[in-house]
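# Overview (structure and organization)
Given next are the chains, with one letter for each unit.
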Amino acid sequence: MSASIVSDSLSPEELRQRTRRGRLKMLAILLVCAAPVIASYFTYYVIRPEGRTNYGTLLQPLPDVTGLAGAGLDGAPTGLKQLGGKWLLVTGAGSRCDAACEHRLYLLRQLRLTTGKDRDRVERAWIVGPGTAVPARLLAEHEGLVVIRARAGAMAAAGFPSEGGDAPESHVWIVDPLGNLVMRYPVDPDPSRMKKDLLKLLKASRIG
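Since the structure is predicted, the reported quantities are computational estimates derived from the model, not experimental observations.

Bringing the nonpolar core into the picture now. By size, the foremost hydrophobic cluster in this structure holds 19 residues, and its most contacted members are Leu68, Leu80, Val90 and Phe160. Going through the elements one at a time, strand S4 (87–92), strand S5 (122–128), strand S6 (146–149), helix H5 (154–158) and strand S7 (173–175) are the ones with two or more residues in this core. Broken down by element, this core gets its largest block of residues, three residues, from H5. The contacts of Leu80, once residues within four sequence positions are left out, are Val65, Thr66, Leu68, Leu88, Ala125, Ile148 and Phe160. In terms of nonpolar packing, the next biggest core, distinct from the first, is built from 17 residues, Tyr55, Leu111, Ile174 and Tyr185 among them.

Below, the structure written as structure tokens:
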């Protein structure tokens, strides 16, 4: 029996009940998918607050930044949503990648390497503007770096908050496997303390 024949045989109230049950099932599936990372945050940041020694600033509530999109260096559409399922280390660049920008890229590379066997759970994303030069030298030094060429101000528009007048591009950020912005690090951060944060998050999380 076709779906249209079944629908015709149902009363409006029965159709509403069927639609409601379908929505509830979909919500339940989404909650099951999100439960592991929510539980890890709750355990680490709520149940054990006395052990919370995170160096980065924890963003609360956690902004969803999957709206940040642009194009890869090959021109194909891409964005943070396409990188879902992995922990992301994110930074940006202004009109050019200066010495501070290059240092942030170095930090991203080294942080990922220090995670050892968990390195495959971590990706690096570099957000650049429409006219930002991306030297071949930098790409050679940072193999595997995902470059997203987005419109000017894309990080702020996607939900990366500014701090003290510093543009979002001047910070290093951690995004969880669901696309939520978790932590922001100060300009010129301490690499060893960043490493501790990242390792704790990877240990607490069952996804990504």
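Here the narrative resumes.
It is worth spelling out the state of the cysteines at this point. On inspection of all chains with the given rule, the structure shows one disulfide. Covalently, Cys97 is tied to Cys101 through a disulfide, its sulfur atoms 2.1 Å apart. Handedness of the Cys97-Cys101 disulfide follows from its S-S torsion of about -95°: it is left-handed. The pair formed by Cys97 and Cys101 is uniform in burial state, with each residue classed as buried.

Each value, and the rule that gives it
- Residues numbered from 1 in each chain as written.
- Predicted model: local features only at pLDDT ≥ 70, side-chain atom pairs only at ≥ 80, totals over all residues.
- Heavy atoms only, no water.
- Core = buried A, V, L, I, M, F, W, Y, C linked by side-chain atoms within 4.5 Å.
- Buried < 20%, exposed > 50% of the residue type's maximum accessible area, 1.4 Å probe, protein only.
- Helix = DSSP H or I, 4+ residues; strand = E, 2+ residues; numbered from the N terminus.
- Contact = heavy atoms within 4.5 Å.
- Disulfide = S-S within 2.5 Å.

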